[in-house]
Amino acid sequence: MKTSGTTDPVETATKPDGIVQARGISKTYDGGIQALEGIDLGFPKGELTTLLGPSGCGKTTLLKIIAGLLEPSAGTIIVNGRAVTGPGPERAFVFQDFALMPWASVLRNVAFGLELRGVPRHERHVIARSHIAKVGLAGFEERYPHELSGGMRQRVGLARALAVDAEVLLMDEPFSAVDEQTRRKFQEDLLHLIQSENKTFIFVTHSIEEAVYVSDQVVLLTPRPGAVSRVIRTGLDHGGSPEELRRNKRYLDMVEEIWQMLRGYLV
Amino acid sequence: MRAFGRDIPIMFALVFWALAWEIVGRAELVFLVPPFTHVLAALAEMVQTGKFQDATLLTFESFALGMGLALLLGIPLGVLMGRVEAAEKLLGTWVNVFVSAPLTALVPVIMILFGLGQTTIVVTVMLFAVWIIVLDTQAGIKHVNPSLLEMARSFGASRLDLYARILLLAALPEILAGVRLGIIRAVKGVVIGQLLVSIIGYGELFELYSRNFLMEQFWALTILLFAFAMLAAELVGWAERKVEFYAGARG
Ligand SMILES: Nc1ncnc2c1ncn2[C@@H]1O[C@H](COP(=O)(O)OP(=O)(O)OP(=O)(O)O)[C@@H](O)[C@H]1O
Ligand SMILES: [Mg+2]
């Protein structure tokens, strides 16, 4: 799949296979708003899949259903062959607003998932420290969230999700609250992470560039109620240098093509 | 404090007013105001009497019991009203009424229910303090960032975890603000309760001093009570400032 040069996006049928599968997911909120309709999707292991679609089409809703935080009105989520009934240790969530506990140090925040799982203090601190270092925050262990910049806070959120060593990382617009430079750095870091961690990422973003840049697979959703419009395999080589990738013709064409598809949804 | 473009230390202000009091007292302008030094002498004498010490003990005991009850009832009730809409609908109006009601008017009813003893004072303290604690706790719980709760759930938090590790901690600044206001009200409660019961504690002393026109003792006791009240508020304010940093950082 990691080829570049051809201009046509490789489109696959939306057959549900992969470590995470959505089968016939629909969601109607109390009050009658239907957010999702009949979502069938597969999220291949070790890849990054982005959910892309107009505002309000149900991306967050789908991500929370996969996380087990919301119950679907119909359908099932399968993770590792087992139906999801709630949150589980094989999935971890990275929140758009970071969701850090303001009363806890960086160390305690990062170790929080392990704390809830009953990992002894010393052990969880050792694990947390290594992940804090991995996201580039070594030396900030005893700081508090309000002493950190937005970008640093999101790194804490990421370290917390990594610390529980989940196979699937769910990220809801994780970079939307940081400035453009930080965002680019994050995107590059994320690519390294995918290469080194062999985890499955499900990612939500509003940015087409970001989606194509980091993804192996981009899922386009229709306006509300969200349904799968297209699944596009980017087929880009994420191993090369960032500059190469951002100037890659296939990358640029794909961004343009997705923009053409999405603009049809804008009035 | 500032005057003539200079900082006036708080001690200076106290000394100034003490002097003014002394002069008015010495001039024997108002019979109700004896010289400040006489009041101080009376104070020194008073604190050594067994009657005063018993009254102080009773006051602190009633205050602690009443305040303890207020916390024990107020915080859980506030949490319940913050989490369960039905509870809020059912109790919200009453809590709001009681928070601003002149509760002194209810003390005679408490006296009828609980007699002219310490129980009445404890209940009065509780009644004065509890409502603001309920209200602030509820506000704190309702303003907890929902994504913190989702975060905890996503990492496998149990119901108990959600309360003990997220909700109560996230609402702590508001809860402490409620406790501080509650303590200030409780101080009023413990004084008003004793004054109305007037046969035990400071109430008995006040009754004794004012009936016999012992103005020096009367003022000594008043000063002492004011000082206690301010000290109590200061202590809570200090505790509150310790957690303030994250109230501002919650976003
Ligand atoms: N708790 C809720 N109750 C009722 N309706 C909701 C709720 N949460 C979301 N919705 C509605 O469901 C639809 C999908 O919401 P969702 O947040 O999943 O969209 P989204 O694709 O993430 O949007 P955005 O790109 O703006 O983040 C929206 O129309 C929203 O108004
Ligand atoms: Mg969203």
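These notes cover the structure that comes with them. (Residues numbered from 1 in each chain as written. Chains lettered and ligands numbered in written order. Predicted model: local features only at pLDDT ≥ 70, side-chain atom pairs only at ≥ 80, totals over all residues. Heavy atoms only, no water.)

1. Description of the overall build of chain A
Within chain A one finds nine helices and eleven strands. Overall, the C-alpha framework of chain A stretches about 50 × 45 × 35 Å when taken along its three principal axes. Residue burial in chain A is summarised as follows: out of 267 residues, 55% are buried. For chain A, the proportion of contacts with a sequence separation of at least 24, taken over those separated by at least 6, is 70%. Surface accessibility of chain A: about 11300 Å² in total, with carbon and sulfur atoms responsible for 49%. (Helix = DSSP H or I, 4+ residues; strand = E, 2+ residues; numbered from the N terminus. Buried < 20%, exposed > 50% of the residue type's maximum accessible area, 1.4 Å probe, protein only. Contact = heavy atoms within 4.5 Å. Areas by Shrake-Rupley, 256 points an atom, 1.4 Å probe, with all protein chains shown as cover.)

2. A word on the nonpolar core
The tendency in soluble globular proteins is for nonpolar side chains to be buried as a group. By size, the foremost hydrophobic cluster in this structure holds 136 residues, and its most contacted members are L190 and I258 of chain A together with I166 of chain B. Look past the residues within four positions of I166 of chain B in its chain and what remains in contact with it is M101, W103 and F112 of chain A together with V144, L148, L149, M151, A152 and D161 of chain B. (Core = buried A, V, L, I, M, F, W, Y, C linked by side-chain atoms within 4.5 Å.)

3. So, the site of ligand 1
Residues and elements named next belong to chain A. In the neighbourhood of ligand 1, 13 residues make up the surrounding shell, with S55, K59, T60, T61 and H206 lying closest. Within the contact set of ligand 1, an oxygen atom lies 2.8 Å away from a backbone nitrogen or oxygen of G56. Coverage of ligand 1 by the protein chains reaches 66% of its 630 Å² of free accessible surface. A per-element tally of the shell around ligand 1 places helix α1 (residues 59–67) first, with three residues. (Near = heavy atom within 4 Å. Polar contact = N/O pair within 3.5 Å; in protein donor to acceptor, adjacent residues only side chain to side chain.)

4. Digging into the layout of surface pockets
All names here are of chain B. The computed volume of the largest pocket comes to approximately 510 Å³. Lining of the largest pocket is provided by 13 residues; of these, L14, W21, F36, I223 and F226 occupy positions nearest its centre. If you list the elements that add at least two residues to the lining of the largest pocket, you get α1 (10–26) and α11 (215–248). When the residues that make up the lining of the largest pocket are grouped by side-chain class, the tally is twelve nonpolar, one polar and no charged. (1 Å grid on protein atoms, 1.4 Å probe; cavity = no way out; pocket = protein on both sides within 12 Å on 5 of 7 lines; lining within 4 Å. Points joined across faces, edges and corners; volume = space filled by probe spheres on them. Nonpolar A, V, L, I, M, F, W, Y, C, P; charged D, E, K, R; others polar.)

5. Structural notes on the packing of aromatic side chains
Residue and element names in this part refer to chain B. As enumerated under the stated definition, the model contains 13 aromatic pairs over all chains in all. Ring centres of F16 and W17 lie 5.1 Å apart, and the angle between their planes is 85°; this geometry places the pair in the edge-to-face category. On the basis of relative accessibility, which here comes to 59%, the residue W17 falls in the exposed class. Between W94 and F98, the aromatic rings sit 6.4 Å apart at their centres with planes inclined by 35°, giving tilted as the arrangement. Separated by four residues within a single helix, W94 and F98 lie in helix α4 (residues 85–100), roughly one turn from each other. In this structure W94 comes out as exposed when scored by relative accessible area, which is 53%. (Phe/Tyr/Trp six-rings, centres within 6.5 Å; stacked < 30°, edge-to-face > 60°.)

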